[in-house]
Amino acid sequence: MFNVSRWSSGAVMLGAMGWSGLALSEEPHPAPLNLPVGVTDISARVYDLHMTIFYICCAIAIAVFGVMFYSIFYHRKSRGVKAANFHHSTAVEIVWTAVPLVILIAMAIPAAKTLIAMEDTSEADLTIKVTGYQWKWHYEYMGKDVDFYSSLHPDHNAARQLDSGVDVNDLHWYLKEVDRELVLPVGRKVRFLHTAADVIHAWWVPDLAVKKDSIPGFINENWAVINEPGVFRGKCAELCGRDHGFMPVVVRAVPGEEFDAWLAEQQGGAVEAAAQAEAEDAAEWTMVDLIARGESVYNANCVACHQANGQGLPPTFPAITGSAVATGPIADHISIIKKGKSGTAMAAYGGVLSDSDIAAVVTFQRNGLGNGVGDMAQPSDVAAN
């Protein structure tokens, strides 16, 4: 199997996580042609099963084709060989039924044991809820008061746009880097709960032997115990829409002590961030501040579909410039961003963005991107909508 999700394991320089752990290096290199051995006991078992069955298939192919080519060569008409005249052989039929059956049973027993082990999520040390969105992941450390969204890194998102002028060869891990990594402890059993907020996604990290569909309204489970520190990459493995190819997964595994320190730091930061968001949502913003913040929110969340110039990619992703939404009643504009629009690709951002973020991006769209409506939205308007 050709694996494009893990090019190397190791660790990268710590980026936007705000976390001061070890600074290790990681460089891309050509993808392996085989399955990765991985960094969990389960992934090693999966690899061993894969190789065992591969060798069995090779042996069967050699035996079958060997007999076939031997028969063709030594029983050809040019040698004067006469075809045998018989209808069937009970002994041969028993052999070619019994032998494959034995082989299948021999393969099924270890495979079934591995599959059962993969579903055993009991006695987990940590539970993380993974929610798929178009096109980002939301990670929630259950019972720890820590959660965040993980999206394609802004530099990579900008580089992939039409006429960006960026040489993608200058970007390490192009389209495989995120703005926030999922940090996990080494040597602890981590249980994953998978769901989705819009369409079906699939969270896949080959090095962990973790792949599970994320289905709206359902919770799927799997788990991993990572044996060594490093950075392990994956992606959404379900065709989830236009930007399916820009929904990477990056897992950073660190020693337990470092993870505990990181988690404590995130918990403290979450309290401060919640207080700041509450204050921002209660404030009255100026037009200048709203537009400035709205532009950054737009670039992080809207540019993938509607493009940096606001022209979109009609008809699936309509232009914002001159649109009836961006130039019409501001309450309708707020409602579409906050609640989404059924029957279209427009997702609801009410659970993703704060009221101040939505107010800012609405104001930016109405007064930027070639529009000049002149009005603005406040966080209180979003809360009331």
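Check the entry above for the structure.
Per-chain numbering applies: the sequence of each chain, read as written, is numbered from 1 onward. Local features in a predicted model are, by the rule used here, given only for residues with pLDDT of at least 70; side-chain atom pairs are given and counted only at 80 or more, and totals for whole chains, interfaces and linings are based on all residues. For the side-chain quantities, the full set of heavy atoms in the structure was used; hydrogens and water were omitted.

### What about the sheet that holds strand β6 (residues 201-205)?
- Each pair of strands is called paired provided DSSP finds at least two bridges between the two strands. Strands are runs of DSSP state E lasting at least 2 residues, helices are runs of H or I lasting at least 4, and numbering of each runs from the N terminus. Pairing in this open sheet of 5 strands is mixed, and the strands run β4-β10-β9-β6-β7 from one edge to the other. Looking at which strands have only one partner, the edges of the open sheet turn out to be β4 (182-185) and β7 (210-214). The mean angle between the axes of side-by-side strands here comes to 25°, regardless of whether they run parallel or antiparallel.
- Here β6 runs beside β7; their pairing, made up of 5 bridges, is antiparallel. Bridged to V205 within β7 is V210. To get an axis, a line is fitted to the C-alpha atoms, and for a helix only the part in contact is used. The angle between two axes follows their N-to-C directions and goes from 0 to 180 degrees.

### Remarks on helix α8 (residues 330-339)
- Buried means the residue's accessible area, taken with a 1.4 Å probe over protein chains only, is under 20% of the maximum for its type, while exposed means over 50%, and partly exposed covers the values in between. The complete set of buried residues in α8 reads H333, I334, I336, I337 and K338.
- Looking at the buried positions of α8, the neighbouring elements they touch are α7 (324-327), α9 (355-367) and α10 (379-384).
- Of the residues trailing α8, G340 is marked for its positive phi of about 80°. Only heavy atoms matter for contacts: two residues are in contact if any of them lie within 4.5 Å across the pair.

### Regarding unusual backbone geometry
- The omega angle of the peptide bond from Q134 to W135 is 0°, so this bond is cis rather than trans.
- Of note, W135 is situated in the loop between β1 (126-133) and β2 (136-141).
- Even without glycine at this site, D145 takes up a positive phi of about 60°.
- The topology assignment puts D145 in the loop between β2 and β3 (146-150).
- One non-glycine residue, W173, adopts positive backbone phi at about 55°.
- Position of W173 relative to the elements: it lies in the loop between α3 (154-159) and β4.
- With a relative accessible area of 3%, W173 lands in the buried category.

### Concerning helix α2 (residues 90-118)
- Helix span is expected to be 1.5 Å times the residue number reduced by one. Between its first and last C-alpha atoms α2 spans 42 Å; for 29 residues at 1.5 Å apiece the expected length is 42 Å, and the two agree.
- Buried within α2 we find M107, T114 and A117.
- Summarising the contacts, the buried residues of α2 are in contact with α1 (41-74) and β8 (220-225).

### Considering a nonpolar patch on the surface
- Patches draw on residues past 30% relative accessible area with no salt bridge. Two like charges within 9 Å are joined, as are two nonpolar side chains (Val, Leu, Ile, Met, Phe, Trp, Tyr) within 5 Å. The Shrake-Rupley method, run with a 1.4 Å probe, gives the accessible areas here. Residue values count only the displayed protein chains as cover. In the sections that follow, a salt bridge refers to a side-chain nitrogen of Lys or Arg positioned within 4 Å of a carboxyl oxygen of Asp or Glu. On the surface, I60, V64, F65, M68, F69 and I72 cluster together to form a nonpolar patch covering roughly 570 Å² of accessible area.
- Here F65 shows up in helix α1.

### Brief notes about the packing of α8 against α9
- Running from amino to carboxyl end, α8 crosses α9 at an angle of 125°, the nearest separation of the two axes being 10 Å. Relative to α9, the element α8 lies oblique. In this structure, the crossing between α8 and α9 has a hand that is right-handed. Taking contact as the criterion, the partners of I330, H333, I334, I337 and K338 in α8 are, on α9, I358, V361, V362, Q365 and R366.
- Classification convention: Asp, Glu, Lys, Arg as charged; Ala, Val, Leu, Ile, Met, Phe, Trp, Tyr, Cys, Pro as nonpolar; all other residues, Gly among them, as polar. Residue classes in the contact of α8 with α9 are distributed as 6 nonpolar, 2 polar and 2 charged. Oblique is the label for any angle not covered by the other classes, which are roughly parallel (under 35 degrees), roughly antiparallel (over 145) and roughly perpendicular (65 to 115). Helix crossings get a hand from a simple test, with the near helix turned counterclockwise from the far one by less than a right angle marking a left-handed crossing and a clockwise turn marking a right-handed one.

### A word on the sheet that holds β8
- The sheet built from 5 strands is open, its strands ordered β3-β2-β1-β5-β8 with mixed pairing. For this open sheet the edge positions go to β3 and β8, each flanked by a neighbour on one side alone. The average angle at which neighbouring strand axes cross in this sheet is 20°, direction not considered.
- With 7 bridges joining them, β1 and strand β5 (residues 189-196) adopt parallel strand pairing. Bridged to L126 within β5 is V190.

### Focus: the nonpolar core
- I128, Y141, F192 and W203 are the most contacted members of the largest nonpolar core, which has 35 residues in total.
- In terms of residue count, the dominant contributor to this core is strand β10 (residues 248-254) (4 residues).
- In terms of nonpolar packing, the next biggest core, distinct from the first, is built from 25 residues, Y133, Y298, A326 and Y349 among them. We define a nonpolar core as any set of buried Ala, Val, Leu, Ile, Met, Phe, Trp, Tyr and Cys residues linked to one another through side-chain atoms lying within 4.5 Å.

### Some words on the environment of E258
- The residue E258 is located in helix α4 (residues 256-282) in this model.
- Given a relative accessible area of 22%, E258 falls into the partly exposed group.

### What about the side chain of R233?
- Here R233 lies in strand β9 (residues 230-236).
- Pairs of N or O atoms are called polar contacts if they sit within 3.5 Å, as long as, within protein, a hydrogen donor faces a hydrogen acceptor (for residues adjacent in sequence, only side-chain-to-side-chain pairs). Separated by 2.7 Å, the side chain of R233 and the backbone oxygen of K176 make a polar contact.
- A polar contact is formed between the side chain of R233 and the side chain of E177, at a distance of 3.5 Å.

### Notes on the environment of A326
- Here A326 lies in helix α7.
- Take A326: its relative accessible area is 1%, and that puts it in the buried class.
- C-alpha of A326 to C-alpha of T363: the two residues are 37 residues apart in sequence and 9.1 Å apart in space.
- For A326, the residues in contact, after removing those within four places along its chain, are I320, H333, Q365, R366, N371 and V373.

The analysis is restricted to geometry; functional conclusions fall outside its scope.
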